[in-house]
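Each chain, letter by letter, is given below.
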Amino acid sequence: MSASLAGSRDLPASRYDLSTYWGRVKHSADISDPRTLLTSSTGLEHAKSLITQYKQGSIPSMTPELWTAKKIVDSTLHPDTGEPVLLPFRMSCFVLSNLIVTGGMLTPNLSTTGTVAWQVANQSLNVAINFSNANKSTPLSTSTIVQSYFLAVGASCGVAVGLNSLVPRLKRLSPATRTTLGRLVPFAAVASAGALNVFLMRGEEIRQGINIYPAESDAQRKKREDASQTLEPLGKSKKAATLAVGETAISRVLNATPIMVLPPLILVRLQQTEWLKRSPRLVLPVNLGLIFTTSVLALPLALAAFPQRQAVSARSLEQEFWGMGGEDGKVEFNRGI
């Protein structure tokens, strides 16, 4: 993100009001816009150059071109390292990366082998996304990544296979209800394992803490920028890390809920219609279309549930940070995505 580029002058966080939910939704739609994936390396370097010029004072104020450059940089670069996130694991590629995997998991009447295979594929993608977008002030070891991966795969496969074997035994329920519950099994597996995956992959952050910074007023920020000073971290907080990881886990469940619930329920209804009965080959494209549409609409809503740049009272963290807060006694940290 733009915060990782050289220069002591900070850009506005967004063209939208991030203190409101709908402002964060609009901002999230910006950083998850798939069109930014088409930006060439030359285009990215040009965007970084514009941002750097602004941060170093060469460009006096924000312009439409600068806002576009910030959108490209924010959707491409990691905020802690300043390096491009691998393309398939960017939030702007989330819908496309998940389309095939989610379509596989939501395929009606999957065999046990198919269920396990798609759950493994989904958790592999989740691990890659979590690792690529985690707070990088606390590095992850290879052993932690491998352990987290196998635990998450085991959890998702266990839930999916277990519920798939349980639902047909619920004889007191009508066949239609059992069919509906069967279609919702992938959601239960993805939601539970997805949240677990976040905690496992980012557990090191909770154990070691993440960097926190004093919150600044506009006047304090301008004074620091005029003095060409960078904002230095106050230290690492484990409580801030717990909050950051917990909010990210909740946002993942919120994102999975409409994507894994609405398409299968709508598809159950559509499969009862005459046109889909006459054309069973259309089930797959209709399923993918429902997943794609729901994903496009749901991702910004889920990402906006919590601010990415979180501000909390210093007194809500470890005692060593009491009295070290900035404006209104608050500190800030990067939550990660």
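As a starting point, this report considers the structure included with it. As the structure is a prediction and not an experimental result, all values here were calculated from the model.

### A closer look at the pattern of salt bridges
Under the definition given, this model contains 10 salt bridges. Among the salt bridges present, the one from R207 reaches E204, with a minimum N-O distance of 2.9 Å. With R207 and E204 both in helix α9 (residues 203-208) and three residues apart, the pair spans about one turn of that helix. Accessibility expressed as a relative area gives 16% for E204, which makes it buried.

### Describing the layout of surface pockets
A volume near 440 Å³ is recorded for the second largest pocket. If you go around the second largest pocket, you meet 18 residues; those closest to its centre are N109, L110, N164, G182 and R183. Among the elements of the structure, α5 (112-133), α6 (142-166), α7 (175-183) and α8 (185-201) are those that each provide at least two residues to the lining of the second largest pocket. Tallying contributions element by element places α7 first for the lining of the second largest pocket, with four residues. A class-by-class count of the residues in the lining of the second largest pocket yields nine nonpolar, seven polar and two charged.

### A word on helix α3 (residues 64-76)
Relative to the 18 Å expected for 13 residues at 1.5 Å per residue, α3 spans 19 Å between its end C-alpha atoms, a close match to the ideal helical length. All buried positions along α3 are accounted for by L66, W67, A69, K70, K71, I72, V73, D74, S75 and T76. Those residues of α3 hidden inside the fold are in contact with α1 (21-31) and α2 (41-55).

### Side note on the packing of α5 against α8
Packing of α5 against α8 brings their axes to within 10 Å, and their N-to-C directions diverge by 35°. Once α5 is placed against α8, the crossing between them reads as right-handed. Taken together, the residues of α8 that come into contact with α5 (itself represented by Q119, N122, Q123, N126, V127, N130 and F131) are P186, A189, V190, A193, G194, N197, V198 and M201.

### Concerning the packing of aromatic side chains
Counting across every chain of the model gives two aromatic pairs. Aromatic side chains Y21 and W22 sit 5.3 Å apart centroid to centroid with 65° between the ring planes, which places their arrangement in the edge-to-face category. On the accessibility criterion, W22 (57% relative accessible area) is exposed. Summarising the aromatic geometry, the rings of Y149 and F150 are spaced 5.2 Å apart at their centres and angled 70° between planes, so their arrangement reads as edge-to-face. For F150, a relative accessible area of 55% gives the class exposed. The ring of W322 carries R315 above its face, with NZ or CZ at 4.1 Å from the centroid.

### As for the nonpolar core
Counting 22 residues, the largest nonpolar core has F89, M91, I129 and M260 as its most contacted members. Broken down by element, this core gets its largest block of residues, five residues, from helix α4 (residues 94-105). If you look at the next biggest cluster of nonpolar residues, it comprises 12 residues, including L11, L66, A69 and L77.

### Observations concerning unusual backbone geometry
At D328, a residue that is not glycine, the phi angle is positive and equals roughly 60°. A relative accessible area of 68% means that D328 is categorised as exposed.

### What about empty space enclosed by the protein?
Under the counting rule described, the total for this entry stands at four cavities of 30 Å³ or more. The space that makes up the largest cavity amounts to roughly 180 Å³. Around the largest cavity sit 16 residues that line it, and F94, N98, N126, V190 and A256 are the ones nearest its centre. Listing elements by their share of the lining of the largest cavity, those giving two or more residues are α4, α5, α8 and α11 (238-270).

Thresholds, definitions, all that
Residues numbered from 1 in each chain as written. Predicted model: local features only at pLDDT ≥ 70, side-chain atom pairs only at ≥ 80, totals over all residues. Heavy atoms only, no water. Salt bridge = Lys/Arg side-chain N within 4 Å of Asp/Glu carboxyl O. Helix = DSSP H or I, 4+ residues; strand = E, 2+ residues; numbered from the N terminus. Buried < 20%, exposed > 50% of the residue type's maximum accessible area, 1.4 Å probe, protein only. 1 Å grid on protein atoms, 1.4 Å probe; cavity = no way out; pocket = protein on both sides within 12 Å on 5 of 7 lines; lining within 4 Å. Points joined across faces, edges and corners; volume = space filled by probe spheres on them. Nonpolar A, V, L, I, M, F, W, Y, C, P; charged D, E, K, R; others polar. Expected span 1.5 Å × (residues − 1). Contact = heavy atoms within 4.5 Å. Axes fitted to C-alpha atoms, helices over the stretch in contact; angles between N-to-C directions. Left-handed = near helix turned anticlockwise from the far one by under 90°. Phe/Tyr/Trp six-rings, centres within 6.5 Å; stacked < 30°, edge-to-face > 60°. Lys NZ or Arg CZ within 6 Å of the ring centre and 35° of its normal. Core = buried A, V, L, I, M, F, W, Y, C linked by side-chain atoms within 4.5 Å.

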